[in-house]
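One letter stands for each residue in the lines below.
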Amino acid sequence: MLEYSDIQLSFCNIMGNYNGESEGNQMRKRKTSCRIFAAITASVLLFGGITAFAAPPTQANDPTWKDVFELMEYVGQNYYERNPEEQLDADDVSSELPYYKSGTLIGSALKEKAYAAYVEENGAFSGENQGEESAKLTGDAASNYAAFYAAGTALVDSLKTATGTKYIDDIVGTWERFWTNQDEPLWEKVDNGQILPVRTEDDAPDTASMEPGTYWVLESDLEAYGNVIGDENAAWRTWDEQNLWEAHNGGPDIARSDLENCINTVTTAYNTLLDKLHEGTKKTQNPSAKKPLAPADEGSPASAGEESPVPVTVNEVIPSDGSRIQSSLEGVYCDTFVSGVIYKDQQEKIKQAGLTEKEIRSGTFLRYYICNSSNKAINKILSQAVSVQGYRLLGIMNNDLYKLNKSGIHLIKTTSEPLTVMIGVPSYLRNGQYDFSIFCYDEYGNLIVMDDIDTDKATITVQAKSFGYWAVGYRNKK
């Protein structure tokens, strides 16, 4: 029987493949490996002691096979052995450099394909066509040498280093978590009286009469914080109104420095306010169990040269009434762009919708895996579908259902009956002015649109039969 820790590990292994590159990109890399073998192995065997090329070998007027091998070695050392992390379908990748993590090596898949055509199987310079290094080229090899030389040098020249000036994948979660983990709880405590605003210090209660976990703060300090938050929310709204979250191939087109500045500004303002809160010190036999406010992480991962830490997440949804609803189905929930994703139906109904009677009797059980989607191809398709329907894209997630039994872990794309799924709306969109819908493709490739069936501005509730990649879209109410 699988233990739950084994399930988590298996999920991670599965998702590493399932949420990775598209099949086309995986195939491209497999082909690249074959091309590396065809181009580099032959030249290394023949010229194992050749020195590294800082510049391309001179194009020969009367080429021999040695000239071919030297070019292969040059391309191998200066392109393939540098192992480009991304290969894009563009002749010139320069325009894409801002959108990848700084330092990422990016090459042209089109130029790689053009070069590889000469050296892979049946190419003019494939292994079966190669001759002795001193032999002059003849036939197809001779007539293709100039184009082969141009393709090889162009491939090396295509390799460029990303600048990362618009790469925000590693910090956008920090921005989103701030509203959920810091700003929203702060205002909730103001609303429920746990934080008491006072006009002057003379109006303030004695902290010795207040329970721990309750606070008073000057109205002016709270207002100053609110003004900062309002200004930064305005920046977010500008990005939203200009569609900058989807402006680049369905992804964000926002300067990293701008987002870093927003993160630093709101977290500094928040932490400054925390220093101005006066907490109760009353000694009681039953200390308050109220959750204290936690400081926000200042700065961004880039400023420390590290990746964002993975937060500890609890999968629950908090409606407008402040109650906390946890999922009736267990699974693995990673931090996402929404505030929780839960299954509301009773476990028995979920089992009957996702499993056959035989599977239920044999002890097969269901689990979910929820995370942000990293499949760029699927993200692009879904973001376009959301836009065509007249919505703005909030984000794309994996809401995957799995059945687990002795034979392994199996993905469920469709259930026999709809299941009730509730999604928490991020705090900065809970103003009641938006309609939300979920978009996905069923297992036959049909676009499915699931409209929100509840009236709570803090939640999205849908009846779902199709699972996998889910896009969350929103638009102004009509």
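Thresholds, definitions, all that
Residues numbered from 1 in each chain as written. Predicted model: local features only at pLDDT ≥ 70, side-chain atom pairs only at ≥ 80, totals over all residues. Heavy atoms only, no water. Helix = DSSP H or I, 4+ residues; strand = E, 2+ residues; numbered from the N terminus. Contact = heavy atoms within 4.5 Å. Areas by Shrake-Rupley, 256 points an atom, 1.4 Å probe, with all protein chains shown as cover. pLDDT = per-residue confidence, 0-100. Pairing = 2+ DSSP bridges. Buried < 20%, exposed > 50% of the residue type's maximum accessible area, 1.4 Å probe, protein only. Lys, Arg positive; Asp, Glu negative; His and termini not counted. Salt bridge = Lys/Arg side-chain N within 4 Å of Asp/Glu carboxyl O. Axes fitted to C-alpha atoms, helices over the stretch in contact; angles between N-to-C directions. Parallel < 35°, antiparallel > 145°, perpendicular 65-115°, else oblique. Left-handed = near helix turned anticlockwise from the far one by under 90°. Nonpolar A, V, L, I, M, F, W, Y, C, P; charged D, E, K, R; others polar. Polar contact = N/O pair within 3.5 Å; in protein donor to acceptor, adjacent residues only side chain to side chain. Patch = residues over 30% accessible without salt bridge, like charges linked within 9 Å, V, L, I, M, F, W, Y side chains within 5 Å. Charge placed at Lys NZ, Arg CZ, Asp CG, Glu CD. Phe/Tyr/Trp six-rings, centres within 6.5 Å; stacked < 30°, edge-to-face > 60°. Expected span 1.5 Å × (residues − 1). Arc of directions from axis to C-beta.

### Things to note about the overall build of the protein
Part 1 of the reasoning: Secondary structure assignment for the protein yields 12 helices and 18 strands.
Part 2 of the reasoning: In the protein, 74% of the contacts between residues at least 6 apart in sequence involve partners at least 24 apart.
Part 3 of the reasoning: Counting only carbon and sulfur atoms, one obtains 48% of the accessible surface of the protein, whose full area is about 23900 Å².

### Thoughts on the confidence of the model for the protein
When pLDDT drops low, the exact placement of atoms in the prediction is not to be read closely.
Part 1 of the reasoning: Across the protein, the average pLDDT comes to 80, with 82% of residues at or above 70.
Part 2 of the reasoning: Every residue in residues 1-53 is under pLDDT 50, and counting partners more than four places away or in other chains gives 89 contacts.
Part 3 of the reasoning: Contacts for the low-pLDDT stretch residues 298-313, under 50 throughout, to residues beyond four places or in other chains number 28 contacts.

### Re the sheet that holds strand β2 (residues 105-108)
Part 1 of the reasoning: Across the sheet, which stays open at both edges, the 3 strands sit in the order β1-β2-β3 with mixed pairing between neighbours. Each having just a single partner strand, β1 (86-88) and β3 (160-161) make up the two edges of the open sheet.

### Some details on the side chain of E96
Part 1 of the reasoning: Checked against the element boundaries, E96 lands in the loop between β1 and β2.
Part 2 of the reasoning: In this structure, E96 is buried with no salt-bridge partner, the nearest side chain bearing the opposite charge being K376 at 8.0 Å.

### A short note on the packing of helix α6 (residues 172-191) against helix α8 (residues 256-276)
Part 1 of the reasoning: Running from amino to carboxyl end, α6 crosses α8 at an angle of 25 degrees, the nearest separation of the two axes being 10 Å. The angle between the axes of α6 and α8 places the two elements in the roughly parallel class. Of the two elements, α6 crosses α8, and the hand of that crossing is left-handed. Contacts between α6 and α8 involve V172, T174, W175, F178, W179, Q182 and L186 from the first element and L259, C262, I263, V266, T267, Y270 and L273 from the second.
Part 2 of the reasoning: Its residues assigned to classes, the contact of α6 with α8 shows 11 nonpolar, 3 polar and no charged.

### Notes on the environment of A55
Part 1 of the reasoning: In this structure, A55 sits in the loop between α2 (23-46) and α3 (65-80).
Part 2 of the reasoning: For the pair formed by A55 and N78, sequence separation is 23 residues and the distance between their alpha carbons is 9.2 Å.

### A word on the side chain of N78
Part 1 of the reasoning: The topology assignment puts N78 in helix α3.
Part 2 of the reasoning: A polar contact is formed between the side chain of N78 and the backbone oxygen of Y74, at a distance of 2.8 Å.

### Some details on a negative patch on the surface
Part 1 of the reasoning: On the surface, E201, D202, D203, E219 and E223 cluster together to form a negatively charged patch.
Part 2 of the reasoning: If you trace the backbone, E223 turns up in helix α7 (residues 219-241).
Part 3 of the reasoning: According to the relative accessible area criterion, E223 is exposed, its value standing at 52%.

### Focus on the sheet that holds strand β14 (residues 414-424)
Part 1 of the reasoning: If you walk across this open sheet you meet the 3 strands as β10-β14-β17, and the pairing is antiparallel. Every interior strand has two partners, whereas the edge strands, β10 (341-343) and β17 (459-466), have only one. Geometrically, the sheet is characterised by an average inter-axis angle of 30 degrees between neighbouring strands, direction not taken into account.
Part 2 of the reasoning: By the bridge criterion, 7 bridges tie β14 to β17 in an arrangement that is antiparallel. When the bridges of β17 are listed, T414 appears paired with S466.
Part 3 of the reasoning: The sheet contacts of helix α10 (residues 347-354) involve β10 and β14, and relative to β14 the element is tilted by about 135 degrees.

### Quick look at the environment of I229
Part 1 of the reasoning: For I229, the location among the structural elements is in helix α7.
Part 2 of the reasoning: In this structure, the C-alpha to C-alpha distance between I229 and Y270, residues 41 residues apart in sequence, is 8.8 Å.
Part 3 of the reasoning: Ignoring anything within four residues of it in the chain, the contact list for I229 reads F178, W179, D183 and V266.

### Things to note about the packing of aromatic side chains
Part 1 of the reasoning: Under the counting rule described, the total for this entry stands at 22 aromatic pairs.
Part 2 of the reasoning: Taken together, a centroid distance of 5.1 Å and an interplanar angle of 80 degrees make the contact between F178 and W179 edge-to-face.
Part 3 of the reasoning: For F178, a relative accessible area of 2% gives the class buried.
Part 4 of the reasoning: Between W187 and Y225, the aromatic rings sit 6.0 Å apart at their centres with planes inclined by 35 degrees, giving tilted as the arrangement. With W187 in helix α6 and Y225 in helix α7, this pair connects stretches of sequence that are 38 residues apart.

### Structural notes on unusual backbone geometry
Part 1 of the reasoning: Positive phi outside glycine occurs at N243, with the angle close to 60 degrees.
Part 2 of the reasoning: Tracing the sequence through the fold places N243 in the loop between α7 and α8.
Part 3 of the reasoning: Of note, the phi angle at N249 is positive, near 50 degrees, even though the residue is not glycine.
Part 4 of the reasoning: As for its position among the elements, N249 is in the loop between α7 and α8.

### Quick look at the packing of helix α4 (residues 109-119) against helix α5 (residues 139-158)
Part 1 of the reasoning: Look at α4 against α5: their axes get within 9 Å of each other, and the N-to-C directions meet at 140 degrees. In terms of axis orientation, α4 runs oblique to α5. Handedness of the α4/α5 crossing: left-handed. On α5, the residues touching K111, E112, A114, Y115, Y118 and V119 of α4 are N144, A147, F148, A151, G152, A154, L155 and S158.
Part 2 of the reasoning: Split by residue class, the contact of α4 with α5 holds 9 nonpolar, 3 polar and 2 charged.

### Focus: helix α12 (residues 376-388)
Part 1 of the reasoning: With 13 residues, α12 should cover 18 Å at 1.5 Å per step; its first-to-last C-alpha distance of 18 Å lies within 8% of that length.
Part 2 of the reasoning: Of all the residues in α12, the buried ones are N379, L382, S383, A385 and V386. Down the axis, α12 shows its buried residues gathered within 160 degrees of arc, on one side only.
Part 3 of the reasoning: The elements touched by buried residues of α12 are β12 (392-405), β15 (434-441), β16 (447-451) and β18 (468-476).
Part 4 of the reasoning: Capping of α12 at its N-terminal end is provided by N375; its side-chain oxygen lies 3.2 Å from the backbone amide nitrogen of A377.
Part 5 of the reasoning: Positive phi appears at G390, one or two residues downstream of α12, with a value of about 85 degrees.

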